[in-house]
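# Reading the structure
Residue-level listing of the chains:
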Amino acid sequence: MPLIVVGAFFLTGRLRRYALARSLMDVPNARSSHVAPTPRGGGVAIVLCFLGVQPLLVALGALNSAGAWAIGGAGALVALIGFLDDHGHIAARWRLLAHFGAAVWALVWLQPLGIVPAGVSGSLSGVLMVLAALYLVWMLNLYNFMDGIDGIASVEAICVCVGGALLYWLHGASAAALVPLSLGGAVLGFLVWNFPPAKIFMGDAGSGFLGIVLGILSFQAAAVSPSLFWSWTILLGVFVVDATYTLLRRLFRGERVYEAHRSHAYQQASRRAGRHLPVTLTVGALNLLWLLPVAVCVALGLLAGWVGVLVAYLPLVFLAVRLRAGAPERAAAP
């Protein structure tokens, strides 16, 4: 893993020089959470480093070939669409079509691993596969929505990956723990450049890739034990709750939910704090001090999965309400 961290660090530096040379900059506007033009697209380093280590993970027995094809194909397609969007603009309908294509690709490879439990009827299994595809598409899009302040998406991914590796270890699947640890290592190398104040942003290629890969890893964990899927859902709670609660509020008001905005709970919190660092560190603390212990309790059978999700999510919903997530932006000023 140290080599992945170092590789991602140096590759991010090269990508920063590339972005500066090509003027690939995020220029602040009324809906931005940053104040200075900043290069974007550094998340490509995460994509290349993690996909590059897939053959080694397969050789070590940490990842089977079906899982590698699921991650490689789906992740590469999402990253490519994000990369092209970072360099220009792709209409939302085409991005969404590609996202569903990536989700279907992943599920085709994952289905033999036990994504649909044995004994489930054909009609019900079809419903479950549709729900699984929606889950993956939502995961990659919510990750893009939540990548709005310095370091937050990176810290979230590292915490989830470390937590996921711990859960594998508790279940005696130590080799499988190398997969999330490798992804976390690639993100850590990028985070050195993205930590507040960020010198480069992740971009759609990196955020979308992280979203769908974390979703795929949660399904792969379910193949080890169904309780681990619940645990991974808990680990992802900060992003899932904030993005979903905000989306629903905006949807009920009839707003165009695909348009940029600054009404997520984390964005409201960063404006109140006046800077990004306290919010990013708070997200890390919530992950490690609250969500991880609940996820461990579910993995060990001390809590039923749905009970664990309820226990983990309720305080996060309370925070979203208190921070006025999804409120009309003109009424959300501190």
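Provided above is the structure to which this section pertains.
Before going into details, it helps to say that this report is about the structure given with it.

The rules we used
Residues numbered from 1 in each chain as written. Predicted model: local features only at pLDDT ≥ 70, side-chain atom pairs only at ≥ 80, totals over all residues. Heavy atoms only, no water. Patch = residues over 30% accessible without salt bridge, like charges linked within 9 Å, V, L, I, M, F, W, Y side chains within 5 Å. Areas by Shrake-Rupley, 256 points an atom, 1.4 Å probe, with all protein chains shown as cover. Salt bridge = Lys/Arg side-chain N within 4 Å of Asp/Glu carboxyl O. Helix = DSSP H or I, 4+ residues; strand = E, 2+ residues; numbered from the N terminus. Contact = heavy atoms within 4.5 Å. Buried < 20%, exposed > 50% of the residue type's maximum accessible area, 1.4 Å probe, protein only. Expected span 1.5 Å × (residues − 1). 1 Å grid on protein atoms, 1.4 Å probe; cavity = no way out; pocket = protein on both sides within 12 Å on 5 of 7 lines; lining within 4 Å. Points joined across faces, edges and corners; volume = space filled by probe spheres on them. Nonpolar A, V, L, I, M, F, W, Y, C, P; charged D, E, K, R; others polar. Polar contact = N/O pair within 3.5 Å; in protein donor to acceptor, adjacent residues only side chain to side chain.

### Points about a nonpolar patch on the surface
Side chains of Met-1, Leu-56, Leu-60, Val-162, Leu-178 and Leu-181 sit close together on the surface and give an oily, nonpolar patch of about 510 Å² of accessible area. Here Val-162 is to be found in helix α7 (residues 152-170).

### A closer look at the environment of Leu-214
Within the secondary structure, Leu-214 is located in helix α9 (residues 203-224). Separated by 45 residues in sequence, Leu-214 and Glu-259 have C-alpha atoms that sit 24 Å apart. Excluding residues that lie within four positions of it along the chain, Leu-214 makes contacts with Tyr-143, Val-160, Cys-161, Leu-183, Trp-232 and Leu-236.

### Digging into the environment of Trp-169
Mapped onto the elements of the fold, Trp-169 is located in helix α7. Residue Trp-169 is classed as exposed on the basis of its relative accessible area of 56%. Separated by 115 residues in sequence, Trp-169 and Gln-54 place their C-alpha atoms 20 Å apart.

### Structural notes on unusual backbone geometry
Residue Pro-197 is bonded to the preceding Pro-196 through a cis peptide linkage, with omega at -5°. The topology assignment puts Pro-197 in the loop between α8 (178-194) and α9. Of note, Ser-23 is a non-glycine position whose phi angle comes to about 60°, a positive value. Among the structural elements, Ser-23 can be located in the loop between α1 (2-22) and β1 (25-26). The phi torsion at Arg-324 lies on the positive side, around 60°, for a residue other than glycine. With respect to the helices and strands, the residue Arg-324 is situated in the segment after α14 (305-322). Residue classification places Arg-324 among the partly exposed residues on the basis of a relative accessible area of 36%.

### Re helix α13 (residues 277-299)
Over its 23 residues, α13 runs 31 Å from end to end, which matches the ideal 33 Å to within 8%, given 1.5 Å per residue. Among the residues of α13, Val-279, Thr-280, Val-283, Gly-284, Asn-287, Leu-291, Leu-292, Val-294, Ala-295, Val-296, Val-298 and Ala-299 are the ones counted as buried. Among the residues trailing α13, Gly-301 stands out with phi positive, at a value near 80°.

### Focus on empty space enclosed by the protein
If you walk through the whole model with that rule in mind, you get two cavities of 30 Å³ or more. Computed from the structure, the largest cavity encloses a volume of approximately 70 Å³. Looking at the largest cavity, the residues that line it are Leu-15, Tyr-18, Ala-19, Leu-24, Arg-40, Gly-41, Gly-42, Val-44, Phe-83, Asp-86 and His-87. Looking at the lining of the largest cavity, its residues break down into six nonpolar, three polar and two charged. Roughly 40 Å³ of volume is contained in the second largest cavity. Lining the second largest cavity are Phe-145, Ala-243, Thr-246, Leu-247, Arg-250, Val-257, His-261 and His-264. The biggest single contributor to the lining of the second largest cavity is helix α11 (residues 237-252), with four residues. Here the lining of the second largest cavity is built from residues that sort into four nonpolar, three polar and one charged.

### Topic: the side chain of His-261
Tracing the backbone shows His-261 in the loop between α11 and α12 (265-273). With a relative accessible area of 12%, His-261 lands in the buried category. A distance of 2.8 Å separates a polar atom in the side chain of His-261 from a polar atom in the side chain of Ser-263.

### Description of the side chain of Ser-218
For Ser-218, the location among the structural elements is in helix α9. Since its relative accessible area comes to 0%, Ser-218 is described here as buried.

### Overview of the pattern of salt bridges
A side chain with one charge may pair with a side chain of the opposite charge, provided their charged atoms come close. Under the criterion given, the structure shown has four salt bridges. Arg-40 is the salt-bridge partner of Asp-26, the closest N and O atoms lying 3.6 Å from each other. Within this pair, whereas Asp-26 is found in strand β1, its partner Arg-40 is found in the loop between β2 (38-39) and α2 (44-52), the two being separated by 14 residues in sequence. The exposure class assigned to Asp-26 is partly exposed, which follows from its relative accessible area of 27%. Relative accessible area serves as the criterion here: at 18%, Arg-40 is assigned to the buried category.

### With respect to the layout of surface pockets
By volume, the largest pocket is sized at about 1500 Å³. In terms of lining residues, the largest pocket is bounded by 46 residues, among which Asn-144, Phe-145, Asp-204, Tyr-258 and Ala-260 are the most central. Looking at the lining of the largest pocket, the elements that each hand over two or more residues are α4 (65-87), α5 (92-110), α6 (122-146), α9 and α12. In terms of residue class, the lining of the largest pocket is made up of 17 nonpolar, 19 polar and ten charged.

Keep in mind that these numbers describe shape and distance, not what the molecule does.
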